[in-house]
Structures are given as structure tokens and as C-alpha cells.
Amino acid sequence: MTFGILVEGSVAILLAVTIGYCIVLNSRLKRLHGDRDALRQTVADLVQATNLANAAIKELKATAIETDETLNARLGEAERFGVELASHINAGQALMERVAKFTSAARHSRSLEPEPRADEPSLVKEALNRLSTHERMRGNAA
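Residues numbered from 1 in each chain as written. Predicted model: local features only at pLDDT ≥ 70, side-chain atom pairs only at ≥ 80, totals over all residues. Heavy atoms only, no water.

A. Just the overall build of the protein chain, in detail. Helix and strand counts for the protein chain come out as 2 helices and 0 strands. Counting every position in the protein chain, which comprises 142 residues, the buried fraction comes to 0%. When the accessible surface of the protein chain is summed, it comes to about 13400 Å², and 64% of that surface belongs to carbon and sulfur atoms. (Helix = DSSP H or I, 4+ residues; strand = E, 2+ residues; numbered from the N terminus. Buried < 20%, exposed > 50% of the residue type's maximum accessible area, 1.4 Å probe, protein only. Areas by Shrake-Rupley, 256 points an atom, 1.4 Å probe, with all protein chains shown as cover.)

Shown next as C-alpha cells:
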């Protein structure tokens with residue numbers, strides 16, 4: 001009889017431990033199911049964020065292509081302006097050289113002209129004399 005009570009007591013204790021372990025496992029399974037739902041939501045959010053990032057990357061690529069085309073157009077235009085400006089500079093230099101030649105020739109021809117004679121008044125001296133005479137007359141009239 002004591003052996004029977006001992007075996008039944010042992011079985012009762014094992015049964016109580018098993019029930020307690022089942023309760024612990026049940027609570028863990030409930031948390032796991034709750035975490036699984038949260039994990040599903042996290043994965044859905046991650047997929048949505050990835051889709052948004054892909055759309056943003058496509059827009060950035062399109063913007064980069066458009067910017068590249070605009071920049072290439074502007075660079076081409078700048079190169080054309082540079083060539084045109086260089087052409088104008090060369091033409092201006094050629095014109096300056098021609099003007100310098102004309103000026104040099106004019107100076108050279110003046111140095112070859114004979115000096116005016118002392119007995120013939122030059123036009124400038126004559127104009128100055130007339131001007132001073134005219135001013136004197138005006139001063140006398142006042």
C-alpha cells in the first residue's frame with residue numbers, strides 16, 4: 001500500500017509538473033503568435049519602404065539623366081561661345097595690328113613732311129591770333 005501511494009503520488013507530481021509546463025508553453029506560444037503578427041507587420045512595412053525607395057531611385061536616375069543632358073547642352077553652347085569669342089579676339093587683334101600699321105605709317109609720313117617756314121604763319125597760329133584779336137575787341141566793346 002505505501003508503494004502504491006508512493007507511485008500514485010509520483011504520478012500526481014509528474015502530472016502537476018506536466019500541467020505547469022503546458023501552461024508555460026501555452027503562454028510562450030501566445031507570445032510567439034503575437035510576435036509573428038508583429039513580424040508580419042514589420043515585413044509588410046519593410047516591403048513598402050523598399051518599394052518607395054525603388055521609386056525614389058528611379059526618379060533620381062531620371063533626374064540625373066535630365067541634368068546630364070542639360071549640362072551637356074550647356075557645355076556645347078559654352079564651347080561654341082568660346083570658339084566665337086576666340087574668333088572675335090583674333091579679329092580684334094588683326095584690326096589692332098592694322099590700326100597700329102596705319103598709325104605708324106601716318107607718323108612716319110609726318111616726319112617726312114617738310115617743316116613749315118618761319119616766314120609763313122601756320123593755320124593754327126593764324127587761328128590763335130584771330131581768337132585773341134576777337135577777345136580783345138569784345139573786351140573793348142564791354
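B. Structural detail: a nonpolar patch on the surface. A cluster of nonpolar side chains, F3, L6, V7 and V11, forms an exposed patch at the surface whose accessible area comes to about 410 Å². Relative to the helices and strands, V7 resides in helix α1 (residues 2–112). (Patch = residues over 30% accessible without salt bridge, like charges linked within 9 Å, V, L, I, M, F, W, Y side chains within 5 Å. Salt bridge = Lys/Arg side-chain N within 4 Å of Asp/Glu carboxyl O.)

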